[in-house]
Amino acid sequence: MQIIEVTGYAVRSAVITMRRTGTPLEFVIFPMLHVALPTFYSQVRIRLRECDLIVIEGIRGNSVGVSALTLAYRFTPRWRRNGLQEQRDELLLPEAVQVINPDVTAAEAIADLKSLPRWMYLLLMIAAPVMGLVFALRGPRAFLDEDLVVEDLPSTLRAEMMADGPVEHAMTGRRDQRLLDALGEIHAERSDEPIRVAIVYGAGHVPAIVSGLWDCYGYRPREAEWLTVLIPT
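The structure contained in this document is the topic of the report that follows.

What counts and what doesn't
- Residues numbered from 1 in each chain as written.
- Predicted model: local features only at pLDDT ≥ 70, side-chain atom pairs only at ≥ 80, totals over all residues.
- Heavy atoms only, no water.
- Salt bridge = Lys/Arg side-chain N within 4 Å of Asp/Glu carboxyl O.
- Helix = DSSP H or I, 4+ residues; strand = E, 2+ residues; numbered from the N terminus.
- Axes fitted to C-alpha atoms, helices over the stretch in contact; angles between N-to-C directions.
- Parallel < 35°, antiparallel > 145°, perpendicular 65-115°, else oblique.
- Left-handed = near helix turned anticlockwise from the far one by under 90°.
- Contact = heavy atoms within 4.5 Å.
- Nonpolar A, V, L, I, M, F, W, Y, C, P; charged D, E, K, R; others polar.
- Phe/Tyr/Trp six-rings, centres within 6.5 Å; stacked < 30°, edge-to-face > 60°.
- Buried < 20%, exposed > 50% of the residue type's maximum accessible area, 1.4 Å probe, protein only.
- Expected span 1.5 Å × (residues − 1).
- Polar contact = N/O pair within 3.5 Å; in protein donor to acceptor, adjacent residues only side chain to side chain.
- Pairing = 2+ DSSP bridges.

### A word on the pattern of salt bridges
Under the criterion given, the structure shown has twelve salt bridges. A salt bridge links glutamate 108 to arginine 178; the shortest N-O distance between them is 2.8 Å. Residue glutamate 108 is found in helix H4 (residues 106-113), and its partner arginine 178 is found in helix H7 (residues 166-190); the two are separated by 70 residues along the sequence.

The structure is reproduced here in structure tokens:
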């Protein structure tokens with residue numbers, strides 16, 4: 001199942017609705033990129049208004065290490081010619097919908113990264129701002145890279161190696177588990193209610209979300225809607 005599609009002319013995100021037989025509750029997954037066209041975020045916001053609960057990503061608290069990592073996508077929107085925006089809560093979240101954030105703290109995120117070999121940790125901290133500068137200078141076409149494709153199951157050996165790499169585990173392992181625990185609680189407490197629960201998380205987390213809801217609770221992908229994230233100029 002495709003989650004992020006990259007072609008020669010656009011990047012698209014699949015909004016995935018998951019349902020379970022005999023249960024009125026449904027989960028709607030919004031795979032996010034942290035930099036996109038303003039129209040992408042406005043389209044997400046419109047759809048979030050139709051939801052009853054929003055589960056959103058966001059590392060809580062501040063640290064120098066987390067700030068260094070986020071430079072990879074905070075650089076790009078500062079070049080106005082790119083026409084791109086950084087993802088921000090005020091661009092996405094309707095005021096009337098309840099929001100919960102089960103993500104890790106900044107201290108926990110850095111502790112996970114420091115479990116990597118020291119050289120790997122230092123390289124990651126150096127590479128993030130460099131990548132952000134490259135994206136900013138190249139513009140939207142920098143995002144037309146096949147490595148940005150996200151699927152529920154890796155379709156190439158390279159994608160499989162990246163998904164199983166130590167950096168990926170350090171960056172997402174604990175965060176994915178916190179999210180799935182929160183979704184499990186929502187299922188246990190509210191599965192008999194006809195509500196729509198939005199999951200607004202980075203696209204890299206979505207394979208774990210889909211497999212977790214499927215394997216643990218029996219929710220299946222039932223429909224998907226494509227939203228355009230960016231069109232390079």
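### Digging into the packing of H7 against helix H8 (residues 206-217)
One can describe the packing of H7 onto H8 by two numbers: an axis separation of 10 Å at closest approach and a directional angle of 40°. Viewed along their axes, H7 and H8 adopt a mutual orientation that is oblique. In this structure, H7 crosses over H8, and the sense of that crossing is right-handed. Counted together, Asp176, Leu179, Leu180, Leu183, Gly184 and His187 of H7 and Ala208, Ile209, Gly212, Leu213 and Tyr217 of H8 form the full contact between these two elements. Of the residues belonging to the contact of H7 with H8, the class tally is seven nonpolar, three polar and one charged.

### Notes on the packing of aromatic side chains
Going through the model one piece at a time under the given rule, you end up with two aromatic pairs. Note on phenylalanine 27 and tyrosine 219: the rings are 5.0 Å apart at their centroids and 80° apart in plane angle, and the pair reads as edge-to-face. You can see phenylalanine 27 sitting in strand S3 (residues 23-32) and its partner tyrosine 219 sitting in the loop between H8 and strand S10 (220-230), a full 192 residues away along the chain. Taking relative accessible area as the criterion, phenylalanine 27 reaches 0% and is therefore assigned buried.

### Regarding the packing of H4 against H7
Following both chains from N to C, one finds H4 and H7 inclined at 135°, their axes separated by 7 Å at the closest point. With respect to H7, the axis of H4 lies oblique. H7 is crossed by H4, and the crossing has right-handed handedness. Every residue of H7 that contacts H4 at Glu108, Asp112 and Leu113 is listed here: Ala170, Met171, Arg174 and Arg178. Grouping the amino acids of the contact of H4 with H7 by side-chain chemistry returns three nonpolar, no polar and four charged.

### A word on H8
Look at H8: 16 Å from first C-alpha to last across twelve residues, which is about the 16 Å you get at 1.5 Å a residue. Taken together, the buried positions of H8 are Val206, Pro207, Ile209, Val210, Gly212 and Leu213. Phi for glycine 218, located one or two positions after H8, is positive at around 80°.

### Topic: the side chain of threonine 23
If you trace the backbone, threonine 23 turns up in strand S3. Assessed through its relative accessible area of 12%, threonine 23 is described here as buried. Polar side-chain contacts of threonine 23 include one of 2.7 Å to the side chain of arginine 20. Setting aside residues up to four positions removed in sequence, threonine 23 forms contacts with Ser191 and Tyr219.

### Some points on the pairing of strand S9 (residues 196-202)
Looking along a regular strand, one sees the side chains alternate between the two faces of the sheet. By the criterion of burial, S9 is predominantly enclosed, with six of the seven residues buried. In terms of strand pairing, S3 meets S9 through seven bridges, oriented parallel. If you follow methionine 32 over to S9, its bridge partner there is glycine 202. The pairing of strand S5 (residues 53-56) with S9 spans four bridges and is classified as parallel. Of the residues in S9, the one forming a bridge with valine 55 is isoleucine 199.

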